[in-house]
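# Structure at a glance
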Amino acid sequence: MRALVQTVSRASVTVDDEVIGKITDGLLVLVGVTHDDTPATAAELARKTWELRILDGDRSASDEDAPLLVVSQFTLYGDARKGRRPTWNAAAPAEVAEPLVMAYVEALRARGATVETGRFRAHMLVESVNVGPRTILLEL
């Protein structure tokens, strides 16, 4: 699994002209799943995300009780090394990825995180105002 973590002053996800998730002063997390990921992988990535010291003062979301907006992002496993058209072969199919993204979200919530989400398989408009900007790629 991969998570692209960004500090944001605000972020939202809109589907069909309806805001379905939004946060302020927290983390926007784009999550990608590959073929050999497991629920244990999702739980470990959730722990790393929650405890990542990316906020002001070397603080984590867990230290600040900062909210997270989690959006599934299969393109994190895109590979364009052979040309201009990426391949998505490393990305897990939706049937595999969706339950693991939800396991990641539930693992964050089990740690006490406030989590908003996008909608799997939907055309989403993701808006964010990055702070810093600070962006970290976590990978397991």
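This text follows the structure it describes.
For the structure given in this document, a descriptive report is provided here. From a predicted model like this one, the values you see are computed outputs, not experimental measurements.

Time to look at the pairing of strand β3 (residues 68-72). A large share of β3 lies buried, amounting to 4 of its 5 residues. Two strands pair when backbone bridges link them, and strand β2 (residues 18-32) and β3 are joined in this way by 5 bridges, in the parallel orientation. Within the sheet, the bridge partner assigned to Val29 lies in β3 and is Val70. Traced from β3 through helix α3 (residues 94-110) to strand β4 (residues 115-117), the parallel crossover comes out right-handed.

Glancing now at the sheet that holds β3. An order of β4-β3-β2-β1-β5 is seen for the 5 strands of this open sheet, with the pairing classed as mixed. Unpaired on one side and paired on the other, β4 and β5 (125-139) mark the two borders of the sheet. On average, each strand axis in the sheet is inclined to that of its neighbour by 35 degrees, with strand direction left out of account. Across the face of the sheet, helix α1 (residues 39-51) comes into contact with β1 (2-15), β2, β3 and β5 while running at roughly 80 degrees to β1. Across the sheet, α3 is in contact with β1, β2, β3 and β4; its angle to β3 comes to roughly 170 degrees.

This next bit is on the nonpolar core. Side chains of nonpolar character tend, in soluble globular proteins, to be buried together. Val5, Leu27, Val29, Val70, Tyr104 and Leu108 are the most contacted members of the largest nonpolar core, which has 29 residues in total. Broken down by secondary-structure element, the contributors of at least two residues to this core are β1, β2, α1, β3 and α3. For this core, the element with the most residues is α3, which contributes 7 residues. Look past the residues within four positions of Val70 in its chain and what remains in contact with it is Val29, Val31, Val101, Tyr104, Val105, Leu108, Val115, Glu116, Thr117 and Gly118. In this structure, Val8, Ile23, Leu30 and Val71 belong to the second largest nonpolar core, which totals 11 residues.

Time to look at the packing of aromatic side chains. Per the counting criterion, the structure on display carries 1 aromatic pair. Ring centres of Phe74 and Trp88 lie 5.3 Å apart, and the angle between their planes is 75 degrees; on these two criteria the pair is classed as edge-to-face. Note that Phe74 is positioned in the loop between β3 and α3 and Trp88 in the loop between β3 and α3, a separation of 14 residues in sequence. Of the residues examined, Phe74 reaches a relative accessible area of 47% and is grouped as partly exposed. By relative accessible area, which is 36% here, Trp88 ends up partly exposed.

Here the focus is α1. Helix length check: α1 (13 residues) gives 18 Å between terminal C-alpha atoms against 18 Å at 1.5 Å per residue, within 8%. Along α1, the residues that are buried comprise Thr41, Ala42, Leu45, Ala46, Thr49 and Trp50. On an axial view of α1, the arc spanned by its buried residues comes to 160 degrees, and they lie on one face. On the buried face of α1, the contacting elements are β1, β2, α2 (61-64), β3, α3 and β5.

So, how was this worked out
Residues numbered from 1 in each chain as written. Predicted model: local features only at pLDDT ≥ 70, side-chain atom pairs only at ≥ 80, totals over all residues. Heavy atoms only, no water. Buried < 20%, exposed > 50% of the residue type's maximum accessible area, 1.4 Å probe, protein only. Helix = DSSP H or I, 4+ residues; strand = E, 2+ residues; numbered from the N terminus. Pairing = 2+ DSSP bridges. Right-handed = clockwise from strand over helix to strand, strands pointing away. Axes fitted to C-alpha atoms, helices over the stretch in contact; angles between N-to-C directions. Contact = heavy atoms within 4.5 Å. Core = buried A, V, L, I, M, F, W, Y, C linked by side-chain atoms within 4.5 Å. Phe/Tyr/Trp six-rings, centres within 6.5 Å; stacked < 30°, edge-to-face > 60°. Expected span 1.5 Å × (residues − 1). Arc of directions from axis to C-beta.

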